[in-house]
Amino acid sequence: MQDHKLLFIGSPGVGKTTAICTVSDYPPVSTEVPSTDEHRQTTVALDFGELTLDDGEMLRLYGVPGQDRFDFIWPLIADGAMGLIVLIDSTKPDVLGTLDGYLDRFSEFVARMPAIVAVTRLQPGSTPGVSDVVAHLGRRGLDLPVVAMDPRERQDVLFLVSMVVARIERRIAA
Ligand SMILES: Nc1nc2c(ncn2[C@@H]2O[C@H](COP(=O)(O)OP(=O)(O)OP(=O)(O)O)[C@@H](O)[C@H]2O)c(=O)[nH]1
Ligand SMILES: [Mg+2]
């Protein structure tokens, strides 16, 4: 059985640090400082946590800082990742354009490793919904799973990472 490195990417405030905290076996390594433009913390280097699944499998969870000014560090954190989780905030303007930006920046990863899109802060009836995101990805020729999730909910995050791990293992077995 092999460890898997999973990478969480997405805009500032979308919930990367929260998701890793929610499932990590111990308080994750985090590099948070008060955000200057919002009343919250923001990551300036990385998040790192570990999650042991029921079958004993160990996942190493890495989150990037969302702010573009730290994008030089993204490839360093991404190195060796085996699965990608792209978080998008359904309440922000231009959700699909933002998603495109991340898919473009991480296109090499998307091409060669399992990726999944997680939509946060989704309310019933809000747009774009999961099916809109699926349709948008389809127009880009991408067949990626899209799930709604609340990064504060352990079951949501566990479901998400389990889906990614299942796809990694299917690929290894193939
Ligand atoms: N109500 C609600 N709150 C959410 C949801 N997703 C995230 N949040 C909140 O939004 C905030 C997200 O903050 P972080 O996890 O620090 O965001 P981040 O993606 O790590 O941001 P950067 O480090 O700046 O890139 C937290 O306070 C979460 O509780 C959601 O689906 N519903
Ligand atoms: Mg963060």
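(A) Representation of helix 3 (residues 95-105) within the structure. Turning to helix 3, its buried residues number three or more, namely Val95, Leu99, Asp100, Tyr102 and Leu103. Projection of helix 3 onto a plane perpendicular to its axis shows the buried side chains occupying an angular sector of 165 degrees, all on one side. In the core, the buried residues of helix 3 are packed alongside strand 1 (4-10), helix 2 (74-78), strand 5 (83-89), helix 4 (107-112), strand 6 (115-120) and helix 5 (130-139).

(B) Layout of the site of ligand 1. Near ligand 1 lie 21 residues; those nearest to it are Lys16, Thr18, Thr42, Gly66 and Arg121. One of the side-chain nitrogen or oxygen atoms of Arg121 is found 2.6 Å away from an oxygen atom of ligand 1. If ligand 1 stood free it would expose 670 Å²; the protein chains cover 80% of that surface. Of all elements in the fold, only helix 1 (16-23) and strand 3 (41-52) reach the threshold of two or more residues within the shell around ligand 1.

(C) View of the pairing of strand 3. Pairing analysis gives 5 bridges linking strand 2 (residues 29-34) to strand 3, with the strands arranged antiparallel. Bridged to Glu32 within strand 3 is Thr43. Between strand 2 and the antiparallel strand that follows it, strand 3, lie 6 residues. Where strand 3 meets strand 4 (residues 58-63), 6 bridges bridge the pair, whose relative direction is antiparallel. Each residue of the ladder has a partner; that of Leu51, found in strand 4, is Leu59.

(D) Quick look at unusual backbone geometry. In this model, Thr127 is joined to Pro128 through a cis peptide bond whose omega is -5 degrees. Here Pro128 is to be found in the loop between strand 6 and helix 5. You will see that Asp94, though not glycine, has its phi angle at about 50 degrees, which is positive. Mapped onto the secondary structure, Asp94 falls in the loop between strand 5 and helix 3. Even without glycine at this site, Arg121 takes up a positive phi of about 55 degrees. For Arg121, the position within the fold is in the loop between strand 6 and helix 5.

Rules and cut-offs
- Residues numbered from 1 in each chain as written.
- Chains lettered and ligands numbered in written order.
- Predicted model: local features only at pLDDT ≥ 70, side-chain atom pairs only at ≥ 80, totals over all residues.
- Heavy atoms only, no water.
- Buried < 20%, exposed > 50% of the residue type's maximum accessible area, 1.4 Å probe, protein only.
- Helix = DSSP H or I, 4+ residues; strand = E, 2+ residues; numbered from the N terminus.
- Arc of directions from axis to C-beta.
- Contact = heavy atoms within 4.5 Å.
- Near = heavy atom within 4 Å.
- Polar contact = N/O pair within 3.5 Å; in protein donor to acceptor, adjacent residues only side chain to side chain.
- Areas by Shrake-Rupley, 256 points an atom, 1.4 Å probe, with all protein chains shown as cover.
- Pairing = 2+ DSSP bridges.

Any functional reading would require information that these geometric values do not contain.
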